[in-house]
Amino acid sequence: MRPYRPKDNVQKKSYYTDRFWVAPRIPEEPVEDEIFKADLRTLKKEIKVKKAYIQRGQLVIIIDAKDNVKALQVLKEKCGYDILSEMSAIDYLAQDGEFEIFYQLLAMSKRKRVRVKCRIKEDEAIESVEPLFRSADWSEREMYDMFGIKVNNHPYLKRILMPEDWVGYPLRKTYPLHGDEAAQWYEVDKIFGKEYREIIGPEQRDAAYISTTDTCNFARIYHEVPRCADPNSEPEKIESFNEDAPLVETFDLKKSKIVDKTR
Amino acid sequence: MQQRNRLEPYFENLVFEREDNTMVVNFGPQHPSAHGQLRLILEMDGEQIKKAVPDIGYLHRGMEKMGENMIYNEFLPTTDRMDYIAATANNYAFALAVERLLGIEEKVPRRAKVIRMMLLELNRIISHLFWLATHALDVGAMSVFLYCFREREYAMDLMEEYCGARLTHSSVRIGGVPLDLPEGWLEHLNWFLNKLPEQIKLYEGLLTENRIWRMRLEEVGVIPPEMAKQWACSGIMLRGSGIEYDIRKEEPYELYDEVDFDIPISDRCDSYGRYLLYMEEMRQSIKILRQLIPMYKDTEPELMAHAPEYISAPKEDIMTQNYSLMQHFVLVTQGMRPPVGEVYVPTESPKGELGFFIRSEGEPYPYRLKIRAPSFWHTGILQDLLPGHYLADVVTIIGSTNIVFGEIDR
């Protein structure tokens, strides 16, 4: 029987995990740092903070998705987090049917980094933070490109890394590493048209694959044909080897030497 | 845009729009000064740019996706292919992110730290020399290109002597470095460090006061500080706008808090100011490397962190002790299992802030790996930076942003 593979997460999995294995967790420390504490207090006055903790030296704030612009505005204008160094999403569709969106902020004057996180459902859209941070322009486009998360009020929400007519969202867990069917035929469909799929055939992606019909690059042992010949032609007959020929032609006892047995 | 029709001739690079007087020029993706595969769609009024739309993705290989399907050690050589001009900076950024995720950052032996810093600074010099060479060539100074590549060759020889590769180094491992410095390497490094300052002086003699160079660079590509912050610029793009922020200094990692070096900044905000910073940064790298040589000599010969849960034991233990061998086998075939959690680790690569965001679910495969490559935003800024400039300045501006497409498209 073929082992069951979940369809909602087709990424590579560990092939063996101990039954009693419990993964350790990075501790979520309480916010005791003075600067972070003050920032958190300022933020709590304006919006609802679901949870806040410090992980590996950075403050993590979990908020509602509808508060994202407000939260970033407070952090930027009142707390001095003036750079949005990174933002993207994490796919939790398989577990909770949600995306987690994170905003990684830096306050250069305080040398502090904060990560603001929020969750949205699969069919929800998030409000753009591009008016606050220009750098979100491209990050949000990348997020849309890779996860298909719609961003409201974005100036130019188009795919950025993948071609515009691409089908599917590559960083979702349901998207296989080697691409789906549309990805497999993308170039053929685009250059020649769908009717050429059968003529051209699927792309060979296995680096170790050896074609039996390819006589130009591979020799077929025991079925050798001249180079680049028709693979169905008769194999070459090797004339030089005669099976009836004796292996030892003559044996002359006088010329041979008997080795001393007691050696 | 023109529709493609197989029977009609199709002019790929030029579109004339009759209503207004603007012309759309397609700059790249195969343009020699596009530093890779950058396509710029420029809307022009005569020679002046009205609107610029950078189009990227021609080198997209899905590294983040690959990262989710590889164990941590497997992914490390893949990071070489991001910023291929300074591969060790990527290796190091990834290794540091995983170390911080595992919580073994403090366990990395001192000698490994010194070697890593040497490689990082050497890579910074290699990258800056490469930048100067190609930038000068784009602007029209052919001889600088040849001189820079000569010195870069010596630096690459040093890298080759250490790790055997010239471009894709993979010379850093999670938890330390794989090899000690070979015999005579420090002498060769010293020779190179003695040679480089006079060569930098030579480049500066050719460029700094050169009338054409100054006319092409001064007041071209002016990034006001506010714009630099808005676009999350980092590295020299940020310091060229008068904002002093270097991650090596502000959030020190490795032994950067023990060495003495300066962060050059410039408030000229233009390409010329950035050029001056690159030259000064090379000098500072030399200064750091000079201090590292005596530091190396005071260290113990240990190279990899001792964390048997995550890092294989040294070769000698693997060959003599059964348990080390078993652990090594599990780590190689299944991979290490970091704790559940997430971490974002920024480092100062030659291009700017190179960060790795890793979300781990306790599996040997990262659940999400996001690479924050500085060039991505340094390309995005082109759409705000280019309008108002002339077509000839586009090449200068692309050159001075120092973008590498391996890390933009990832």
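Residues numbered from 1 in each chain as written. Chains lettered and ligands numbered in written order. Predicted model: local features only at pLDDT ≥ 70, side-chain atom pairs only at ≥ 80, totals over all residues. Heavy atoms only, no water.

In this section: the side chain of H169(B). Residues and elements named next belong to chain B. Examined against the element boundaries, H169 turns out to sit in the loop between helix 5 (142-163) and helix 6 (185-207). H169 gets classed as buried once you look at its relative accessible area, which sits at 5%. A distance of 2.9 Å separates a polar side-chain atom of H169 from the backbone oxygen of R166. When neighbours within four sequence positions are excluded, H169 is seen to be in contact with D80, A87, T88, N91, N123, M159 and C163. (Helix = DSSP H or I, 4+ residues; strand = E, 2+ residues; numbered from the N terminus. Buried < 20%, exposed > 50% of the residue type's maximum accessible area, 1.4 Å probe, protein only. Polar contact = N/O pair within 3.5 Å; in protein donor to acceptor, adjacent residues only side chain to side chain. Contact = heavy atoms within 4.5 Å.)

Turning next to unusual backbone geometry. The phi dihedral of E254(B) falls on the positive side, at around 50°, and the residue is not glycine. Even without glycine at this site, C269(B) takes up a positive phi of about 70°.

With that settled, the discussion passes to the interface of chain B and chain A. The parts lose accessible area when they come together, and the size of an interface is often stated as this lost area. At the junction of the two partners, chain B supplies 57 residues and chain A supplies 59 residues. Carbon and sulfur atoms supply 52% of the area buried between chain B and chain A, which totals about 5,100 Å² over both sides. Area buried by chain B at its contact with chain A is led by K65(B), E342(B) and Y367(B), which between them contribute 14% of it. Between chain B and chain A we count 11 salt bridges in total. The partner of E142(A) in a salt bridge is R410(B), with the nearest N and O atoms 2.5 Å apart. A per-element tally of the side of chain B that touches chain A places strand 5 (residues 341-349) of chain B first, with 5 residues. In terms of residue class, the side of chain B that touches chain A is built from 25 nonpolar, 12 polar and 20 charged. (Buried area = accessible area lost by both parts, 1.4 Å probe. Salt bridge = Lys/Arg side-chain N within 4 Å of Asp/Glu carboxyl O. Nonpolar A, V, L, I, M, F, W, Y, C, P; charged D, E, K, R; others polar.)

Per the domain assignment, the segments making up chain B are domain 1 (14-55) and domain 2 (63-372). Measuring from the centre of the C-alpha atoms in domain 1 of chain B to the corresponding centre in domain 2 of chain B gives 34 Å. (Domains from an automatic or database assignment.)

Residues and elements named next belong to chain B. At a minimum axis distance of 8 Å, the contact between helix 4 (residues 110-139) and helix 5 shows a crossing angle of 160°. When the axes of helix 4 and helix 5 are compared, the pair comes out roughly antiparallel. You can see that helix 4 and helix 5 cross each other, and the crossing is left-handed. For the pair formed by helix 4 and helix 5, the contact residues are I115, L119, L122, N123, I126, L129, F130, L132, A133, T134, A136 and L137 on the first element and M142, V144, F145, C148, F149, E151, R152, A155, M156, L158, M159 and Y162 on the second. Class assignment of the residues belonging to the contact of helix 4 with helix 5 gives a composition of 20 nonpolar, 2 polar and 2 charged. (Axes fitted to C-alpha atoms, helices over the stretch in contact; angles between N-to-C directions. Parallel < 35°, antiparallel > 145°, perpendicular 65-115°, else oblique. Left-handed = near helix turned anticlockwise from the far one by under 90°.)

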